[in-house]
Amino acid sequence: MKARTQGPYRHDLLRSWTSRAVFAVVVLCLAAGASAVVAILSAGGSFSVSGSALYYYEEGAYHISIWAYDAGGAPVSGVQAQITVTSGESNRSPAGPYELTSDSQGEIALTIPTPDQASANLTVESLRLVSARSVTVLWGGFFYSSPPALPTLYLGYLAPGVVKGITLAVSGAGFFSASSQALVFAAGPNGTLPSGLSLETCWTPQIYSPFGGRSGCSGLPTELLGSVTGFWSHFPLGEYPGNASTVFLQLVNRSGQILDLVELPGSVGTAGASFVVNHAPGVPILTDFAAEESFFLPMAAIVVAYWIYARPRLSGAVEPVLARPVTRRGIFLMRYASVAGVLTVASVAELSVLDAACAGILGEPVPTAYLAPILGSLLVASLGSAGLVFLLAHLVKTSASTLTFSLVPLAAGFFWSSLLLGLLLLSNPAYGPGLATSLLLPTQLLFLPQFPSLTSSLLTGLSPYGTPLGPSPGGVGFAVEAGFGVAWVLVPLFVAYRLAATRD
Amino acid sequence: MIVIDGLNKTYPGKPTPALEDVHFDLRNGEILGLVGLNGAGKTTTIRISAGVTLPSHGQVLVDGHDIVRDKVRASEAIGWVPEIFPFAPEARARQLLVYLAGFHRLSGSPADARAREALDKVGLGRVADAPIRTFSQGMRRRFGLAAAMLSDPQNLLLDEILNGLDPEGMAFVRAWVVDLRKQGKGVLLSSHLLSELQALADRVAFLHQGHLLRVVDREELSRKAGMNLHISIDNLDSGAVAFLSTIGSVKIDQKVVLLSRSSMAQAAVTAELVRRGYRVAEIWSEGISLEDFFLQLIRDERGPDGEGS
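Residues numbered from 1 in each chain as written. Chains lettered and ligands numbered in written order. Predicted model: local features only at pLDDT ≥ 70, side-chain atom pairs only at ≥ 80, totals over all residues.

Colleague: Any chance you could explain the environment of B:Leu295 here in plain terms?
Modeller: With respect to the helices, strands and loops of the structure, B:Leu295 is situated in helix α11 (residues 290-302). Put simply, B:Leu295 and B:Leu37 are 258 residues apart on the chain and 9.8 Å apart in space, counted from C-alpha to C-alpha. (Helix = DSSP H or I, 4+ residues; strand = E, 2+ residues; numbered from the N terminus.)

Colleague: Sorry if this is basic, but what is going on with unusual backbone geometry here?
Modeller: Glycine aside, residues mostly have negative phi angles, and peptide bonds mostly take the trans form. All names here are of chain B. A positive phi angle, near 65 degrees, is found at Arg-105, a position not held by glycine. By the secondary structure assignment, Arg-105 is in the loop between α3 (93-101) and α4 (108-121). The exposure class assigned to Arg-105 is partly exposed, which follows from the 17 C-beta atoms found within 10 Å. The residue Asp-152 is not glycine, and still its phi comes out positive at about 50 degrees. Mapped onto the elements of the fold, Asp-152 is located in the loop between α5 (137-149) and β7 (155-159). (Buried ≥ 20, exposed ≤ 12 C-beta atoms within 10 Å, placed from the backbone.)

Colleague: I tried to follow the nonpolar core on my own but got confused; where do I start?
Modeller: Generally speaking, soluble globular proteins have nonpolar side chains that are buried together. Grouped together as the largest cluster of nonpolar side chains are 173 residues, with contacts concentrated most on A:Ala300, A:Val304, A:Ala305, B:Leu97 and B:Leu189. When residues in this core are grouped by element, the largest group, 21 residues, is from helix α3 (residues 282-315) of chain A. If we ignore the near neighbours within four places in the chain, the residues touching A:Ala300 are A:Val25, A:Leu28, A:Cys29, A:Leu343, A:Ala346 and A:Ser382. A:Val76, A:Ala81, A:Ile83 and A:Ile112 belong to the second largest nonpolar core, which has eight residues in total. (Core = buried A, V, L, I, M, F, W, Y, C linked by C-beta atoms within 7 Å. Contact = placed C-beta atoms within 7 Å.)

Colleague: Is there a simple way to think about the sheet that holds strand β8 (residues 186-190) of chain B in this case?
Modeller: Hydrogen bonds between backbone atoms are what pair the strands of a sheet, whose relative direction is either parallel or antiparallel. All names here are of chain B. Sheet architecture is open: six strands sit in the order β6-β7-β8-β3-β9-β10, paired in mixed fashion. Each edge of the open sheet carries a strand with a single partner, namely β6 (78-81) and β10 (211-217). With direction set aside, neighbouring strand axes in the sheet form an average angle of 15 degrees. Note that strand β3 (residues 31-35) and β8 share four bridges and pair parallel. (Pairing = 2+ DSSP bridges. Axes fitted to C-alpha atoms, helices over the stretch in contact; angles between N-to-C directions.)

Colleague: Looking at this structure, how should I read the sheet that holds strand β11 (residues 228-233) of chain B?
Modeller: Residue and element names in this part refer to chain B. Spatially, β12-β13-β11-β14 is the arrangement adopted by the four strands of the open sheet, whose pairing is antiparallel. Looking at the sheet topology across the chains shown, the edges are occupied by β12 (249-253) and β14 (280-286). Averaged over neighbouring strand pairs, the angle between their axes works out to 20 degrees when direction is ignored. Seen against the sheet, helix α9 (residues 238-247) touches β11, β12 and β13 (256-260) and runs at an angle of roughly 145 degrees to β12. Helix α10 (residues 266-275) contacts β11 and β14 of the sheet and is inclined by roughly 160 degrees relative to β14.

Colleague: Explain the environment of B:Ala101 here, please?
Modeller: All names here are of chain B. Mapped onto the fold, Ala-101 is located in helix α3. Distance from Ala-101 to Arg-114, taken between C-alpha atoms, is 7.7 Å for residues 13 residues apart in sequence. Not counting the four nearest positions on each side in its chain, Ala-101 is found in contact with Leu-106, Ala-111, Arg-114, Ala-115 and Leu-150.

Colleague: Help me understand the confidence of the model for chain B, please; the structure alone is not making it clear to me.
Modeller: Residues and elements named next belong to chain B. The share of residues in chain B with pLDDT of 70 or more is 94%, and the mean pLDDT across the chain is 87. The least confident element of chain B, judged by mean pLDDT, is helix α8 (residues 218-225) at 68; the most confident is strand β5 (residues 65-66) at 96. Two summary scores accompany this predicted model of the complex, namely pTM at 0.69 and ipTM at 0.80. (pLDDT = per-residue confidence, 0-100.)

Colleague: Help me understand the interface of chain B and chain A in this model?
Modeller: One widely used convention gives an interface's size as the accessible area the parts lose upon coming together. Taken together, the contact between chain B and chain A spans 24 residues of the former and 22 residues of the latter. Elements represented by at least two residues in the side of chain B that touches chain A include exactly α2 (71-75), β6, α3 and α4 of chain B. Sorting elements by how many residues they give to the side of chain B that touches chain A places α2(B) first, with three residues. When its residues are assigned to classes, the side of chain B that touches chain A shows 15 nonpolar, six polar and three charged. (Nonpolar A, V, L, I, M, F, W, Y, C, P; charged D, E, K, R; others polar.)

Listed below in structure tokens is the structure:
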């Protein structure tokens with residue numbers, strides 16, 4: 001029988017990939033993935049929204065509507081809303097809280113009967129939305145307040161049959177599709193029909209994203225309002241590119257003066273409509289993900305590097321292999337390659353779980369521009385930790401010492417940001433997250449497990465303490481981080497390689 | 001063939017070298033015994049020759065290939081059996097052999113067949129799938145032999161493998177080693193059981209405190225350390241004489257057999273006779289033993305004032 005042949009190094013590589021260590025890494029990755037999903041679910045579970053929605057007074061009642069959409073523009077049903085409304089003038093107006101749920105069109109409709117209070121002033125005191133998914137809220141109305149947040153929406157006095165302002169409403173096809181229609185309300189003086197007015201629709205590529213994002217605005221075709229009959233009408237919106245999320249409508253007269261507008265987001269002292277999501281859920285998700293991976297991936301790296309290289313070397317179990325027709329360098333490199341392969345697959349898998357979970361739960365995947373930096377930081381944290389284990393296997397005598405010296409930096413690195421803040425607060429209670437933030441970033445470069453967290457901060461502009469970063473936080477940017485990351489991976493590896501080749 | 005040329009080894013943190021300028025060779029078709037006290041450098045010599053430990057200076061040429069610079073080619077001609085075979089706690093016998101066979105470009109069923117064959121040869125076929133950690137010392141030694149048999153190497157490096165073996169195991173190793181010699185292979189065999197080496201080795205290299213004292217061939221050995229056995233057997237018959245004749249020269253004086261140039265050690269001869277049903281009333285030797293010879297060499301090395309040279 002002719003023997004099948006296979007290179008000895010490839011043979012060793014394949015053997016490593018079937019070891020129990022890889023099983024352990026898979027278990028750790030599953031735990032990390034599940035943890036990421038839970039983090040996303042919890043981050044997307046509650047949004048506090050300031051403001052209200054389309055409102056008008058008609059037939060003895062105020063009507064308020066809110067529309068909930070996901071990041072892709074699709075209506076979200078099942079969003080729970082709690083609205084508290086009180087009277088601005090007297091206690092005779094109805095209050096709340098009103099518990100409502102969005103319907104299949106994403107609409108949350110509230111009717112507040114005021115049969116004998118046609119001139120009541122109403123104030124929306126609070127509006128809270130609870131959803132398992134990330135939600136964009138559109139609302140409109142004529143309000144008097146100032147951004148950034150509107151803790152109170154003052155509806156003001158409305159005469160019977162009068163609707164003020166202009167407001168977007170969205171058809172079942174969704175706001176962002178070409179077939180969308182806008183429901184426009186316009187009122188002339190004393191509730192008369194508007195005449196000689198036109199409606200400009202503008203689109204801005206300022207895309208709502210769970211992960212934030214900024215861009216400019218461009219104009220869209222102007223629609224004459226002449227076709228509008230009555231106080232409201234449906235007409236098609238313009239064709240918008242891709243994932244357009246912000247549209248504002250301007251009601252202008254013949255001289256081009258803007259009489260009213262729907263502006264997203266709302267602007268100071270301007271009548272219109274707006275949406276506010278208090279926080280982009282992607283930011284805490286990335287922060288939580290980075291914190292989890294600060295533990296899981298370096299731990300997986302230590303386990304797999306210890307199992308595949310350090311333990312066989314320190315127990316002598318690798319000696320029967322070294323006595324075979326192989327070189328020390330070859331075995332070292334092949335085992336590092338197998339460890340690196342496992343950890344790269346694990347890192348990609350972790351990121352894929354995050355990406356898929358964001359897409360499924362938030363309605364939008366992790367931005368493409370984020371993927372490479374995040375993956376890079378995961379690889380630095382994992383491959384760097386593995387390289388340290390390889391190095392320790394040549395510097396210490398026992399397996400226990402290797403594990404101890406591997407786990408201590410992991411623990412220190414994992415808790416570093418909390419530790420730094422705690423030490424600062426202990427030294428002087430006046431020191432807070434601000435000082436901690438300025439000190440944190442440069443020191444994160446000294447701890448391998450901190451790299452995912454550092455990358456997350458640089459991407460989102462927020463430190464783990466929730467404080468905003470300056471333009472060049474502590475002199476640390478992606479270039480500096482990448483330089484340190486490469487050094488963390490290559491230097492221990494190179495030293496370990498030299499020791500493996502020249503020392504027993 | 002292995003040529004050990006000016007071998008030096010100093011372990012980090014150790015003030016004295018483990019080996020210092022050691023020269024000798026292992027020829028094809030011979031058994032070379034390696035003798036020394038604890039710490040003499042026997043295991044270090046074998047580990048360096050096996051490519052497991054790096055020398056500080058000097059070189060080991062295996063069939064002309066340097067074990068450091070041309071490791072792959074050199075290791076293809078080496079089979080190493082350590083005194084204690086190192087293995088991962090979860091390792092199973094056949095599984096580990098299949099893995100090791102992979103380094104000789106064998107995989108799948110050919111590797112499995114080779115592993116089974118090796119295990120059968122050393123008598124571990126019935127426990128092929130058992131964890132090695134459950135093996136006795138003797139079984140682990142046999143497993144080491146099986147691992148060395150995987151590639152059918154030209155040179156065998158056997159480090160104290162006779163220690164802890166039962167009589168059956170020793171007989172197996174003895175027969176195996178003699179067979180290897182017949183096949184023209186070189187066998188470097190270190191052992192504390194000097195009587196065994198005396199019976200088996202064609203030459204013996206004496207190491208002491210990292211220095212090579214001497215390499216003595218069989219003729220000189222039998223001349224200087226020759227040993228005659230006097231065996232008194234109650235039920236002596238032609239069968240016993242026939243057996244003893246196969247392992248040495250026999251002269252009979254009543255019930256006492258004088259066995260000279262025996263290829264078996266005294267203990268082994270006794271054990272074999274008893275196994276064959278003979279009542280050995282008495283057995284004694286005359287002449288200086290290999291052990292005496294070795295101790296004399298050490299005394300010579302230290303010189304008349306007891307100082308090392």
